[in-house]
Amino acid sequence: MSSEVGAVAVLSDVHGVLPVLDAVLAEPDVLAADRVVVTGDHAAGPQPVEVLDRLRSLGERAVLVRGNADRELVLLARGGTTNIPDPVAPWAAAQLRPDDIALLAGLPHPVELTVRGFGRVVFCHGTPRDDEEVVLVDSSLERWADVLGGLDPDVNTVVMGHTHMPFVRLADRCLCVNPGSVGMPYGRAGGSWALLRDGQVELRHTPVAVEAAVAAVVAGSAYPGAEGWAREYVTSANSDADALRAFGPRDGRP
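The name an unreviewed UniProt entry gives the chain is Metallophosphoesterase family protein, with Promicromonospora kroppenstedtii as the organism. Recorded in UniProt under Sequence similarities (unreviewed entry), the annotation for the chain is "Belongs to the metallophosphoesterase superfamily. YfcE family."

Below you can see the structure in the form of structure tokens.
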């Protein structure tokens, strides 16, 4: 466990979208943060290498957590197969350099930091125990108790990604935060992120010129389907209601 840090900016689910990542990284409170924690799914998208290079440029301020898509990209890049239906994943895996594969393969999950005003904070992708497990803002207390049951009693803040929808809620005294998605937002275009500072959580949103962001992805990617991909995901064509309906069964609902 590291020594105490001050302000932490939390991003998640960049999914290889450089222009929106750059917009979020330019935010004054992100620039000023002691750490920039990115809770997984960094490169599975149309600009995988460019995004990883940008995250590397943050140096020791960046704390990268493994997401399920990062694990799957490594498997694909090493000749394995997955059941991912999105064709961008095998394409993105094929673009990765050896150092990119090594970076993604070595990412930890979960990660713990001691943050001023919060104490011990666990950062994960799906849940602390599983990088693709789903919990939602309205998951039952029984569900939350199950997925958080392995935590030490003095961990009372958990920050997670994976579902691409921002929320803050208490689950039986545990503060649970999802910063939302930078690269594949559901329900609102732009980059969603969170700021942990002095015991307070702020959900933040960085607006972008959507058409310019789509054009930048297309211009900056060799992926043959880049424009269609960006028009679906950068523009937030999928709503939060769509996502909740899709994720509901994975949360144990009928």
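(A) View of the overall build of the chain. Each helix and strand counted, the chain has 10 helices and 10 strands in total. The globule rule puts the C-alpha radius of gyration for 254 residues at 18 Å, and the 17 Å found for the chain is close to it. Considering only C-alpha atoms, the chain reaches an extent of 50 × 45 × 35 Å along its principal axes. Counting every position in the chain, which comprises 254 residues, the buried fraction comes to 53%. Partitioning the contacts of the chain with sequence separation of at least 6, the portion at a separation of at least 24 is 69%. Within the structure as shown, the chain displays about 10500 Å² of accessible surface, and the carbon and sulfur contribution to it stands at 52%. Side chains of the chain carry 21 positive and 34 negative charges; the gap between the two charge centres is 2 Å.

(B) How the structure looks around the UniProt feature "domain: Calcineurin-like phosphoesterase" (unreviewed entry) in the chain. Within this structure's numbering, the places UniProt gives as "domain: Calcineurin-like phosphoesterase" (unreviewed entry) are residues 8-196. Helix makes up 30% of residues 8-196 and strand 21%, whereas the separation of the span's terminal C-alpha atoms amounts to 5 Å.

(C) Layout of helix α7 (residues 141-148). Taken together, the buried positions of α7 are occupied by Arg143, Trp144, Val147 and Leu148. The arc enclosing the buried residues of α7, seen along the axis, measures out at 115°, which places them on a common side. Exposed residues pointing more than 90 degrees away from the buried face of α7 are listed as Glu142 and Ala145. Here the buried face of α7 lies against β6 (157-159), β7 (167-171) and β8 (174-178).

(D) Focus on the pairing of strand β2 (residues 35-38). Relative to β2, strand β1 (residues 8-11) runs parallel, the two sharing four bridges. Residue pairing across strands places valine 10 opposite valine 37, the latter belonging to β2. The pairing of β2 with strand β3 (residues 62-64) spans three bridges and is classified as parallel. The residue bridging valine 36 from the neighbouring strand is alanine 62, located in β3.

(E) Structural detail: the packing of aromatic side chains. For the coordinates displayed, the defined rule picks out three aromatic pairs. Seen in terms of ring centroids, tryptophan 144 and phenylalanine 167 are 6.3 Å apart; in terms of plane orientation they differ by 80°. Their pairing is edge-to-face. With tryptophan 144 in helix α7 and phenylalanine 167 in strand β7, the pair connects residues that are 23 residues apart, well separated along the chain. Among the residues examined, tryptophan 144 registers a relative accessible area of 1% and is labelled buried. Seen from their ring centres, tryptophan 229 and tyrosine 233 are 4.9 Å apart, and the 50° between their planes marks the pair as tilted. Of this pair, tryptophan 229 and tyrosine 233 both sit in helix α9 (residues 226-233), separated by four residues, roughly a single helical turn. As far as burial versus exposure is concerned, tryptophan 229 and tyrosine 233 are alike and both buried.

Scoring rules and cut-offs
- Residues numbered from 1 in each chain as written.
- Predicted model: local features only at pLDDT ≥ 70, side-chain atom pairs only at ≥ 80, totals over all residues.
- Heavy atoms only, no water.
- UniProt positions renumbered as here; feature names shortened; annotations may be inferred.
- Helix = DSSP H or I, 4+ residues; strand = E, 2+ residues; numbered from the N terminus.
- Rg over C-alpha atoms; globule rule 2.2 N^0.38 Å.
- Buried < 20%, exposed > 50% of the residue type's maximum accessible area, 1.4 Å probe, protein only.
- Contact = heavy atoms within 4.5 Å.
- Areas by Shrake-Rupley, 256 points an atom, 1.4 Å probe, with all protein chains shown as cover.
- Lys, Arg positive; Asp, Glu negative; His and termini not counted.
- Charge placed at Lys NZ, Arg CZ, Asp CG, Glu CD.
- Arc of directions from axis to C-beta.
- Pairing = 2+ DSSP bridges.
- Phe/Tyr/Trp six-rings, centres within 6.5 Å; stacked < 30°, edge-to-face > 60°.

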